[in-house]
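Observations on the three-dimensional arrangement
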Amino acid sequence: MSSLAFLCLGFGGMEIFSWFFHKYVMHGPLWCIHKTHHHVTKSFFELNDIFSFVFGAVAVVLIFSGIGSYNYRFWLGIGISAYGLSYFILHDILIHRRVKTSKKPVSRYFIGISKAHRSHHKTNKKKGAVSFGLLLVPKKYFRR
C-alpha cells in the first residue's frame with residue numbers, strides 16, 4: 001500500500017473507531033469521564049479531553065516508530081493526527097465554540113453536522129443519545 005493509502009486508512013479508521021468507542025465505551029463504562037462533555041462547564045478543559053490526549057499519544061508513538069523509514073506506522077500516525085486536528089477544528093472550535101471565532105460556517109455540510117451534534121447533546125444522560133459520529137452522520141440531518 002502507498003503512504004497516501006495508509007494516511008487515509010488512519011484518518012478514516014479513526015472516524016469508524018471513534019463512532020464505536022463513543023457509543024459503546026464513552027457512553028458505557030467510561031461515562032464517568034465523558035459526562036463532563038455533556039454537562040455545561042465554565043472551564044476551558046473538561047475531564048473528557050483525556051480521550052484526545054490518549055488518541056494523540058497513540059498517533060505520536062506511531063509517527064516516531066515509523067519515522068526512520070517512513071513506513072506504514074508513520075503514515076497511519078499522520079492520518080490519526082489529521083483526524084485529531086479535524087476533530088479539534090470542527091468539534092471544539094466550530095461546534096462547541098471553545099475557542100471563539102468571528103462566526104460559524106454556513107455550509108450545508110456543517111449545518112448537518114451541527115444538527116446531528118445538537119441531537120446528540122439533547123440528553124446529558126448515559127443512555128438515549130443518538131448520532132455518535134463526527135464527520136459521517138445520518139442523511140436526515142442534512143434535510144432542510
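Residues numbered from 1 in each chain as written. Predicted model: local features only at pLDDT ≥ 70, side-chain atom pairs only at ≥ 80, totals over all residues. Heavy atoms only, no water.

Remarks on the nonpolar core
The biggest cluster of nonpolar side chains holds 24 residues, and the ones touching the most others in it are Phe-51, Leu-90 and Val-137. Contributing elements (two or more residues each) for this core: α1 (3-26), α3 (50-66), α4 (72-95) and α5 (108-120). If one sorts the elements of this core by residue count, α4 sits on top with seven residues. Leave out the neighbours within four places in its chain, and Leu-90 touches Ile-95, Phe-110, Ile-113, Leu-134 and Leu-135. (Core = buried A, V, L, I, M, F, W, Y, C linked by side-chain atoms within 4.5 Å. Buried < 20%, exposed > 50% of the residue type's maximum accessible area, 1.4 Å probe, protein only. Helix = DSSP H or I, 4+ residues; strand = E, 2+ residues; numbered from the N terminus. Contact = heavy atoms within 4.5 Å.)

Things to note about the pattern of salt bridges
Following the criterion strictly, the structure yields two salt bridges and no others. A salt bridge links Arg-98 to Asp-49; the shortest N-O distance between them is 2.6 Å. Highlighted residues: Arg-98 in the loop between α4 and α5 and Asp-49 in the loop between α2 (31-38) and α3, separated in sequence by 49 residues. Overlapping salt bridges, with partners in common, bring together Asp-49, Asp-92 and Arg-98 in one network. (Salt bridge = Lys/Arg side-chain N within 4 Å of Asp/Glu carboxyl O.)

Focus on the side chain of His-38
With respect to the secondary-structure elements, His-38 resides in helix α2. With a relative accessible area of 7%, His-38 lands in the buried category. Within the structure, the side chain of His-38 is placed 3.2 Å from the side chain of His-34, a separation counted as a polar contact. Each residue touching His-38, except ones within four places of it in the same chain, is listed here: His-27, Trp-31, His-120, His-121, Thr-123 and Asn-124. (Polar contact = N/O pair within 3.5 Å; in protein donor to acceptor, adjacent residues only side chain to side chain.)

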